[in-house]
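This is what each chain is made of:
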Amino acid sequence: MENSETKAVVVKFVEKVVGPSADALGGILGDQLKSWRASNLDRIHSKWRAKVTKKGTSEACLEVLPFGDAFRVIDAASLEENESVQELWAQIIANAMDPDKEITFKKPYIDILKSLSEVDAIVLGSFIDHATKLPPIALDEAGKDKYREFAKQVECKVGSLDQREILSSLDNLIRLKVISYVATYPDSFGSVPDDGDVVAYVQTFDKEQLASSLVSVLDAVNNVSGWSLPSEFYELSSEATVLYALDKYSFTSLGFELAGACEVS
């Protein structure tokens, strides 16, 4: 098909979808697209300014992004209209311009943020908070209080989400190589006795915890194979689903770098 014929077919198709006449379509779409992208950037700018102001960094001290990075970021960010994803764009731009941080914009960061939905951004935010704001282990009451407070924050963030949306979001974050499933058995096997008594060691097993861990592994197999998860899983509240995921999934190396780039100071 000749270029002119292809153009005519495309114009007719777009006309059917959008509505305006073919003659006015180009100008209208151009103006609307520019206005829409400008509106998105304006909202990201407002979020960016609030983050910079909150940290107390003078705008005069901010570092300009390399041209290539700046172009790719502005081009991609201007296409984002979701508030939750815009927050991530604003944060990563603020961090990349912060002279006190050593963050380099990597192309995969842009590809990842472009591929996030609202639920993805909320779930990813929970992973970032979990990785950057909590101690690895809660050994005292102060540490336990931090975990309890974090659980409340998760509840506030995801309480209105649907569990199936969250599971779909986890699949997308795995597809983007941000997180991966980790089959671990925390506290399932007790402690190895100093004297190496294997019988005594086996007797320390927390059988209920071990069974629960095995069920978790089977759930992961179900996910990979395409089988359905047990119905009981869907009966969990949305915040419990996310807390479950935070326990069973971890950042990849790329995801951990992204978490640092998007970390709220």
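Residues numbered from 1 in each chain as written. Predicted model: local features only at pLDDT ≥ 70, side-chain atom pairs only at ≥ 80, totals over all residues. Heavy atoms only, no water.

1. Examining the confidence of the model for the chain
Low pLDDT marks regions whose predicted coordinates should not be analysed in detail.
Phase 1 of the analysis: Looking at the chain, the pLDDT average stands at 74 and 65% of residues meet or exceed 70.
Phase 2 of the analysis: Across the chain, element-level confidence peaks in helix α5 (residues 107-114) with a mean pLDDT of 94 and bottoms out in helix α9 (residues 198-203) with 46.
Phase 3 of the analysis: Segment residues 184-193: pLDDT under 50, and 24 contacts once partners within four positions in sequence are set aside and those in other chains are kept. (pLDDT = per-residue confidence, 0-100. Helix = DSSP H or I, 4+ residues; strand = E, 2+ residues; numbered from the N terminus. Contact = heavy atoms within 4.5 Å.)

2. Quick word on the pattern of salt bridges
Phase 1 of the analysis: On inspection of all chains with the given rule, the structure shows nine salt bridges.
Phase 2 of the analysis: Where Arg-37 meets Asp-75, a salt bridge forms, and the shortest distance between an N and an O atom there is 2.7 Å. In this pair, Arg-37 sits in helix α2 (residues 22-55) while Asp-75 sits in helix α3 (residues 67-77), placing the two residues 38 residues apart along the sequence.
Phase 3 of the analysis: Accessibility expressed as a relative area gives 21% for Arg-37, which makes it partly exposed.
Phase 4 of the analysis: Close ionic contact of Lys-47 with Glu-83 constitutes a salt bridge, the shortest N to O distance being 2.4 Å. You can see Lys-47 sitting in helix α2 and its partner Glu-83 sitting in helix α4 (residues 83-97), a full 36 residues away along the chain.
Phase 5 of the analysis: Here Lys-47 falls in the buried class, since its relative accessible area comes to 15%.
Phase 6 of the analysis: The structure contains a network of salt bridges with shared partners spanning Arg-43, Lys-47, Lys-51, Glu-83 and Glu-87. (Salt bridge = Lys/Arg side-chain N within 4 Å of Asp/Glu carboxyl O. Buried < 20%, exposed > 50% of the residue type's maximum accessible area, 1.4 Å probe, protein only.)

3. Structural notes on α4
Phase 1 of the analysis: For α4, which comprises 15 residues, the first-to-last C-alpha distance of 21 Å matches the rise-based estimate of 21 Å (1.5 Å per residue) to within 8%.
Phase 2 of the analysis: The N-cap residue of α4 is Asn-82: its side-chain oxygen and the backbone nitrogen of Ser-84 are 3.0 Å apart. (Expected span 1.5 Å × (residues − 1). Polar contact = N/O pair within 3.5 Å; in protein donor to acceptor, adjacent residues only side chain to side chain.)

4. A closer look at the nonpolar core
Phase 1 of the analysis: In this structure, Trp-89 and Ile-92 are the most contacted members of the largest nonpolar core, which totals 52 residues.
Phase 2 of the analysis: By residue number, the principal contributor to this core is α4, which donates nine residues.
Phase 3 of the analysis: In this view, Ile-92 contacts Phe-105, Tyr-109, Leu-113, Leu-258, Ala-261 and Cys-262; residues no more than four positions away in its chain are not counted. (Core = buried A, V, L, I, M, F, W, Y, C linked by side-chain atoms within 4.5 Å.)

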